[in-house]
Amino acid sequence: MGLPEERGRSGSGSGGREEAGARSRARSWSPPPELSRSAHVSSLQRYRELHRVSVEEPREFWGDIAKEFYWKTPCPGPFLKYNFDVTKGKIFIEWMKGATTNICYNVLDRIVHEKKLGDKIAFYWEGNEPEETTQITYHELLVQVCQFSNVLRKQGIRKGDRVAIYMPMIPKLVVAMLACARLGALHSIVFAGFSAESLCERILDASCSLLITADAFYRGEKLVKLKELADEALEKCREKGFPVRCCIVVKHLRRSELGTGDSLSQAPPIKRPCPDVQGKLKEKPKCILPQISWNEGVDLWWHELIHEAEDECEPEWCDAEDPLFILYTSGSTGKPKGVVHTVGGYMLYVATTFKYVFDFHAEDVFWCTADIGWITGHSYVTYGPMANGATSVLFEGIPTYPDVSRMWSIVDKYKVTKFYTAPTAIRLLMKFGDKPVTKHSRASLQVLGTVGEPINPEAWLWYHQVVGAQRCPIVDTFWQTETGGHMLTPLPGATPMKPGSATFPFFGVAPAILNESGEELEGEAEGYLVFKQPWPGIMRTVYGNHERFETTYFKKFPGYYVTGDGCRRDQDGYYWITGRIDDMLNVSVREKIGPIATPDYIQNAPGLPKTRSGKIMRRVLRKIAQNDHDLGDISTVADPSVISQLFSHRCLTVQ
């Protein structure tokens, strides 16, 4: 694979990549023929046929896919009903309403009993330290989920209850979320890097009756005292009149005290030499095992509860439109939005996007590097891969620890075939050059993917040429927490790729580009990216605030789901995400934009406060402009130091 006029020769060094990057937007890379031959979708023509059917006949298209899953009772009425137009009444989306199923049953029991894959490895777990490893089969996972489901039932958790989960990337996090799903309880997973205040806010908003957490964990060399943060959050909840009655604690960092004998029970090594990010050996600091405070009457040890639990648990059969989970995403008001996804549609969509976007086959080893605390982890670490009976890697650590070749070491260790990460991680690793990558084989890799923000062409080329050795197609996926799964994406065996473009819509997705007046633009165009009809994975509401859901996503352009992103469509019909529409400021000369629109002050900045998915936090910028240090929740900021820099270099303004 290579540029059309460059096939047969590869660029050398960063200079070649930068030069190619400048030209690459107008070029495309064809899928490798050997991959296309065995792909689920093997040509652009076949993709177009399937996409046309999926948009014109969504009930038939998704109805056929639904037959691959287990339904306790079939859909009794219309397969799809919806309203996207706020002028015609309440916004609603219903896929297969009245059909009953259970997503935990479909990703575990169905895989073990119907597909006969009980002995297949569900997850290879790679701890923070390279020598901390274990694996768990689908059968073993089913047993543990049933046991923990019985634990939750004994603690009074019932269908419709909300359970907060605040855990590191360990197998018990997957067990916890699937146990909630088995009971029909909604899990609300809070990223373990968030503050006590953020955890408290999310517990209160969803009225969570139980919290699941861990003692502590290491992220690189940083010790995160998770139980201490959880205690602080629960104290804040009590102060605000909402005492959480139970907190279940995993003994993770101190797991050697359990003496169970498996590899996951071993604590991290106390001391060993390790290279720093440049590869120079240094002495690793001692592993600190913090003392755990204990709140009698509230705190319970996971291992003690599991010890007495039965290993069979009948699932709670749920309506396809029953809520599955709440996941909070940053909001423009400073109050996070509780995005609600439902059982049936979400299951179909993440299973289908996983199968086709990564061209999944039974022998694959898949690795999505995202934390389960984000939607990417929900959809492409847990539910999507497991619905397909895939083997995945679950990674607790960071890309640069104990050295910058960690990711490629893991790829070789587990023979990863499909690899999915963020452009931010790619750009970080680019800084250290090619050698940390090329010293590892990476021969197992077949498909690479990116998620979180548009990837710049220079990073795309490095990813393609160095990581993928010019033989792996890159699926540059555009989607949101709110969409549940991929919306715009290449298919690896079918789509010619353009660096930086998310290419074409996935099945069931009908995009449009609108101008400020809400008119659809045809052909080459740039404007607001919207979607014209629902897909199964679309969010159904903002938890406890349907009006906010309607206002945020449907009010600006009635009849469309509004992404909030700008988009350009080129002459070949490829879609290019240009960024958040309301992040764009036209800075020009006064004669062009007029005196009213001329900014009063212009401040140069080294960076802007962004979420980890690349969204600029405009409310924080407004606070800085007003010199107001009461910023509200900033737990989703990727780099908090940027805020300090902006305050310290703030323009002197006339008050």
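What counts and how
Residues numbered from 1 in each chain as written. Predicted model: local features only at pLDDT ≥ 70, side-chain atom pairs only at ≥ 80, totals over all residues. Heavy atoms only, no water. Axes fitted to C-alpha atoms, helices over the stretch in contact; angles between N-to-C directions. Helix = DSSP H or I, 4+ residues; strand = E, 2+ residues; numbered from the N terminus. Parallel < 35°, antiparallel > 145°, perpendicular 65-115°, else oblique. Left-handed = near helix turned anticlockwise from the far one by under 90°. Contact = heavy atoms within 4.5 Å. Nonpolar A, V, L, I, M, F, W, Y, C, P; charged D, E, K, R; others polar. Pairing = 2+ DSSP bridges. Disulfide = S-S within 2.5 Å. Buried < 20%, exposed > 50% of the residue type's maximum accessible area, 1.4 Å probe, protein only.

Close contact between helix α5 (residues 103-114) and helix α6 (residues 138-154) brings their axes to 9 Å; oriented N to C, the two are set at 135 degrees. It follows that α5 is oblique to α6 by the angle criterion. Where α5 crosses over α6, the two elements pack in a sense that is left-handed. In contact with Cys104, Val107, Leu108, Asp109, Ile111, Val112 and His113 of α5, α6 contributes Tyr138, His139, Leu141, Leu142 and Val145. Of the residues assigned to the contact of α5 with α6, the class counts are nine nonpolar, two polar and one charged.

What follows covers the sheet that holds strand β5 (residues 133-137). Spatially, seven strands are ordered β5-β4-β19-β18-β20-β21-β22 in an open sheet, and the strand pairing comes out mixed. Of all strands in the sheet, those bounded by a partner on one side alone are β5 and β22 (474-476). The mean inter-strand angle of the sheet, taken between neighbouring strand axes irrespective of direction, is 20 degrees. As judged from the three bridges shared by strand β18 (residues 365-368) and strand β20 (residues 418-421), these two strands associate in the parallel manner. Directly across from Cys368, in β20, lies its bridge partner Tyr420.

The final tally for this structure, using the stated rule, is zero disulfides. Left unpaired, Cys104 is separated from the closest cysteine sulfur, that of Cys146, by 6.8 Å. Here Cys208 is not disulfide-linked; the sulfur of Cys237 is the nearest cysteine sulfur, at 8.6 Å. Residue classification places Cys208 among the buried positions, given a relative accessible area of 1%.

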